[in-house]
Amino acid sequence: MYSDLFKTFNEQTEQFFAPAVQFNQIVAKNIEALSKIQLHSAEQITKTSIEQLKQATEIKDAKSMMDFNASQVNALNALSQQMIQDGQKLSQLGQEFKDSLESLGKETLKTAKAQ
């Protein structure tokens, strides 16, 4: 008798908290993906900055100064491309997050109506 009561209680509790658990999983997945994008971006910016600092220490004459300026333009172009790509990744991540939440909301609503 009590085992059936506890079994029913556990099933109802799982059903009640299932949307919250799914929401937390979606948020955790999104935070992980966002962190990876940010870490990659920071790594690329740091590498480029260090490389440019090293090249700046090699300036000895007018020609090396012109070469350094050209490398600065290339570095800025590369960073601009990286920022565009990161923006696209963030946009896609946001869309996936929105879609996941909409799907979860529809499932939860459907389950609530069925009960």
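These remarks concern the structure in this document. Bear in mind that the values here come from a model prediction, so they are computed numbers and not experimental data. (Residues numbered from 1 in each chain as written. Predicted model: local features only at pLDDT ≥ 70, side-chain atom pairs only at ≥ 80, totals over all residues. Heavy atoms only, no water.)

## Topic: the overall build of the protein
Scanning the protein from N- to C-terminus turns up 2 helices and 0 strands. Taken against the 2.2 N^0.38 rule, which gives 13 Å for 115 residues, the C-alpha radius of gyration of the protein at 26 Å runs more than 25% over that of a compact globule. Taking the principal axes of its C-alpha atoms as reference, the protein extends roughly 90 × 25 × 10 Å. Out of the 115 residues in the protein, the part that is buried amounts to 12%. For the protein, long-range pairs separated by at least 24 residues make up 74% of all intrachain contacts whose partners lie at least 6 apart in sequence. (Helix = DSSP H or I, 4+ residues; strand = E, 2+ residues; numbered from the N terminus. Rg over C-alpha atoms; globule rule 2.2 N^0.38 Å. Buried < 20%, exposed > 50% of the residue type's maximum accessible area, 1.4 Å probe, protein only. Contact = heavy atoms within 4.5 Å.)

## Quick word on a nonpolar patch on the surface
Side chains of Phe16, Phe17 and Val21 sit close together on the surface and give an oily, nonpolar patch of about 330 Å² of accessible area. Within the element layout of this structure, Phe17 appears in helix H1 (residues 2-57). (Patch = residues over 30% accessible without salt bridge, like charges linked within 9 Å, V, L, I, M, F, W, Y side chains within 5 Å. Areas by Shrake-Rupley, 256 points an atom, 1.4 Å probe, with all protein chains shown as cover. Salt bridge = Lys/Arg side-chain N within 4 Å of Asp/Glu carboxyl O.)

## What to know about the pattern of salt bridges
This model, assessed by the stated rule, comprises 5 salt bridges. Among the salt bridges present, the one from Glu102 reaches Lys98, with a minimum N-O distance of 3.1 Å. Of the two residues, Glu102 and Lys98 are both situated in helix H2 (residues 62-114); the distance of 4 residues between them amounts to about one turn of the helix. On the basis of relative accessible area, Lys98 is assigned to the partly exposed category, the value being 39%.

## Observations concerning H2
Taking 1.5 Å of rise per residue, 53 residues should cover 78 Å, and H2 covers 78 Å from first to last C-alpha, within 8% of that figure. Burial in H2 covers these residues: Ser64, Phe68, Ser71, Ala75, Gln82, Asp86, Leu93 and Leu104. (Expected span 1.5 Å × (residues − 1).)

## Focus: the side chain of Gln82
As for its placement among the helices and strands, Gln82 is situated in helix H2. Take Gln82: its relative accessible area is 11%, and that puts it in the buried class. Once residues within four sequence positions are removed from consideration, Gln82 is found in contact with His40 and Gln44.

## What about the side chain of Asn30?
One can find Asn30 in helix H1. You can call Asn30 buried: its relative accessible area is 19%. Among residues more than four places away in sequence, those in contact with Asn30 are Leu93 and Phe97.

## A short note on the environment of Ile84
By secondary structure assignment, the location of Ile84 is in helix H2. For Ile84, a relative accessible area of 45% translates into the label partly exposed. Distance in space between the C-alpha atoms of Ile84 and Lys98 is 21 Å, their sequence separation being 14 residues.

## Overview of the environment of Val21
Residue placement: Val21 occurs in helix H1. Exposure remark for Val21: the relative accessible area of 43% places this residue in the partly exposed category. Considering only alpha carbons, one finds Val21 and Met65, 44 residues apart in sequence, at a separation of 58 Å.

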